[in-house]
Amino acid sequence: MSAASEVPIRWGILATGWIAQTFTKDLVLTGRDVRAVGSRTLESAQTFADEFGIPNAYGSYEELAADPDVDIVYVSTPHTFHAENAILLLNAGKHVLVEKPFTVNAAQAREIVDLAASKGLLVLEAMWTRFLPHIVRIREIIAAGTLGELRQFDADHRQKASTDPRHRMNALELGGGALLDLGIYPISFAAHLFGTPESLHAAARFQDGGADSQVATLFRYADGQLATTISALDTLGPNVASIVGTDGRIDIDAVWYSPTTFRVLNSAGEVIESYDQPVEGRGMQFQADEAERLIRAGEIASPILSPEESVSIMETMDEIRRQIGLVYPGE
């Protein structure tokens, strides 16, 4: 039975920026029940509601949180507001899907996760990559032992972004910079493959305004696996990834963290599987599938990305920031 044919889970959208528009477009495309949107101004909320056919528009986040006809709210504000927004919603009894990175630091992540657990509510980090069909297939290939013992993961996430110092990605006070905006993708996927690193080394380059423009990491895990990541917001990279094992590897094409193609090669370098399956829309609906499945099942933690793993990833991000000397205002 499709998600759209079951009892609808009623969605609310908190904030109206580009990522909220992108996600909501996929929700509407796949027949979800988007019931309300909240913004800091009623005008912005109403414009968003009119665009997507949403019946209720609110000029404050508090009004959205109080809507009794909303089951789960997607938080899409800048990173530095994720914690306070999620806490507001959880205290109002709403399940929460929080845009990645989950928070700015591990202390905030722990506060959200503990609050959600105490209230029996779902909290899920919106790391949409984990739920995409090509990543689902990659998990199946790894579980089948096709690659042998996993040894290494390498991934690049470099974009040529706006140089405007007022742009959110360059604004240190909003958690801007390469690490939280871009590095979260390969760092999270390394955690998905290998867990928490036993040790790590990080290096970075900074903008004049203090935000990190480039970050490179090397992770080592308890069983000897290695993972390398490189992220940047001022240079365009290939945006590909490789998972390497003793019996083969998977080469994921650009852009590796969004719907794309990949090839499985054996240890002789021969292609033994090619994956190329189209996805409806941008593919952000698959994280909604998981959130709705969990809510219907009465579960509050996804086995694909648990709240505890989101905390662990933020702990890794904290250590990277400690090593490169990155501190956000107010910390």
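Above: the structure in question.
How each quantity is defined
Residues numbered from 1 in each chain as written. Predicted model: local features only at pLDDT ≥ 70, side-chain atom pairs only at ≥ 80, totals over all residues. Heavy atoms only, no water. Salt bridge = Lys/Arg side-chain N within 4 Å of Asp/Glu carboxyl O. Helix = DSSP H or I, 4+ residues; strand = E, 2+ residues; numbered from the N terminus. Buried < 20%, exposed > 50% of the residue type's maximum accessible area, 1.4 Å probe, protein only. Pairing = 2+ DSSP bridges. Axes fitted to C-alpha atoms, helices over the stretch in contact; angles between N-to-C directions. Contact = heavy atoms within 4.5 Å.

1. What about the pattern of salt bridges?
Across all of its chains, the model carries 23 salt bridges by this definition. Between D71 and R10 there is a salt bridge, with the nearest N and O atoms lying 2.9 Å from each other. In this pair, D71 is assigned in the loop between α3 (61–66) and β4 (72–75) and R10 in strand β1 (residues 10–14), connecting sequence segments 61 residues apart. A relative accessible area of 23% means that R10 is categorised as partly exposed. Taking the shortest distance from any N to any O, the salt bridge between E308 and R110 comes out at 2.7 Å. Residue E308 is found in helix α9 (residues 307–324), and its partner R110 is found in helix α5 (residues 106–119); the two are separated by 198 residues along the sequence. The class of R110 is partly exposed, set by a relative accessible area of 29%. Among the ionic contacts, a cluster of salt bridges with common partners joins R32, D289, E292 and R296.

2. Focus on the sheet that holds β1
Pairing in this open sheet of six strands is parallel, and the strands run β3-β2-β1-β4-β5-β6 from one edge to the other. Whereas interior strands pair on both sides, the edge strands pair on one side only; in this sheet they are β3 (56–58) and β6 (123–126). Shown here is a sheet whose adjacent strand axes are inclined to one another by a mean of 20 degrees, direction ignored. Summarising the sheet, β1 and strand β2 (residues 33–38) pair through five bridges and their orientation is parallel. Following the sheet pairing, R10 is matched in β2 by D33. Along the sheet face, helix α1 (residues 18–29) touches β1, β2, β4 and β5 (95–99) and points at about 165 degrees away from the line of β1.

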